[in-house]
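If you want the building blocks of each chain, they are given just below.
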Amino acid sequence: MEPLMFRYCPACASEKISFEQNKVFRCPGCGFTYYHNTAAATACIVRSNAGLLFLVRNKEPGKGKLDLPGGFVDPGEGAMDGLRREFTEELGLNFKPEDFKLFASFPNIYPYKNITYNTCDLFFYIDAPDLTEKDLQPEEAEVSAVLFIKKEQLDIERIAFESVKKAVGLFLKIV
Ligand SMILES: [Zn+2]
């Protein structure tokens, strides 16, 4: 799927702008070049005695399906700092960046308002044995519910994104 970003060259308005290698817009007329590069995104499995923490997404893509806390890394941010920020924003939780442990990375495709973002998802986990639902303040715009699911009760098909399904499946095998 091609991102519907530029029908005309943003510099000279030519219709001849091309999209190559699923990443670069190039205008043969004026030389305008734009790399729609892969974006970094994070996600984190929180392991508590109550189960693994999942969010129910409150917006598209994947509205109503399960997701992990996390999101796009902002400009100027490291991956763990981005993840720490997402935990604060989405759940009101304050973890330390050094407590997140990286265990996997998979590509993902994130369509949002007619633009397709290719992401490189970085998967972390963190142990928080005493964490329960009453420690959380979910952000309603993004999260419609928070669930702690025991691994034997988890249905991987309820997860919104392929990359997250793969990472959770791997986590249950190796960690
Ligand atoms: Zn141009």
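Quick caveat: nothing in here was measured; it's all calculated off a predicted structure.

The rules we used
Residues numbered from 1 in each chain as written. Predicted model: local features only at pLDDT ≥ 70, side-chain atom pairs only at ≥ 80, totals over all residues. Heavy atoms only, no water. Donors = N, O, S within 2.8 Å, 3.2 Å for Na, K, Ca; no water. Tetrahedral: all angles 85-135°; square planar, octahedral: opposite > 155°, others 65-115°. Helix = DSSP H or I, 4+ residues; strand = E, 2+ residues; numbered from the N terminus. Buried < 20%, exposed > 50% of the residue type's maximum accessible area, 1.4 Å probe, protein only. Pairing = 2+ DSSP bridges. Axes fitted to C-alpha atoms, helices over the stretch in contact; angles between N-to-C directions. Salt bridge = Lys/Arg side-chain N within 4 Å of Asp/Glu carboxyl O.

1. Comments concerning the coordination of the zinc ion
Bound to the zinc ion are the protein donor atoms Cys 9 (SG), Cys 12 (SG), Cys 27 (SG) and Cys 30 (SG), situated 2.3 to 2.4 Å from the metal. With 4 donor atoms in place around the zinc ion and angles of 106 to 114 degrees between them, the coordination shape is tetrahedral. Written as a sequence motif, the donor arrangement for the zinc ion is C-x2-C-x14-C-x2-C. Pair noted here: Cys 12 is in the segment before strand 1 (18-20) and Cys 27 is in the loop between strand 2 (24-26) and strand 3 (33-35), with a separation of 15 residues, a long-range link. Take Cys 27: its relative accessible area is 2%, and that puts it in the buried class.

2. Examining the sheet that holds strand 3
The strand order across the open sheet built from 3 strands is 1-2-3, with neighbouring strands paired in antiparallel fashion. Both outer strands of the open sheet, strand 1 and strand 3, are each paired with one neighbouring strand and no more. Across the sheet, the mean angle separating the axes of adjacent strands is 20 degrees when strand polarity is ignored. Across 3 bridges, the pairing between strand 1 and strand 2 is antiparallel. What sits directly across from Glu 20, in strand 2, is Val 24.

3. What to know about the pattern of salt bridges
For the structure shown, the criterion picks out 10 salt bridges. A salt bridge links Glu 77 to Arg 85, with the nearest nitrogen and oxygen atoms 2.6 Å apart. We classify Glu 77 as partly exposed; its relative accessible area is 23%. You can call Arg 85 buried: its relative accessible area is 18%. A salt bridge links Arg 85 to Glu 86, with the shortest nitrogen-to-oxygen separation between them at 3.3 Å.

4. Regarding the pairing of strand 4 (residues 39-48)
A large share of strand 4 lies buried, amounting to 7 of its 10 residues. Across 9 bridges, the pairing between strand 4 and strand 9 (residues 115-127) is parallel. Note on strand 9: the bridge partner recorded for Ile 45 is Tyr 125. One ladder, built from 3 bridges, connects strand 4 with strand 7 (residues 70-72); its direction is antiparallel. When the sheet's bridge partners are listed, Ala 41 is paired in strand 7 with Phe 72. Direction of pairing for strand 4 relative to strand 5 (residues 51-57): antiparallel, over a ladder of 2 bridges. Within the sheet, the bridge partner assigned to Arg 47 lies in strand 5 and is Leu 52. Between strand 4 and strand 5, which pair antiparallel one after the other, the connecting turn spans 2 residues.

Everything listed here is a matter of coordinates, which is why it stays silent on function.
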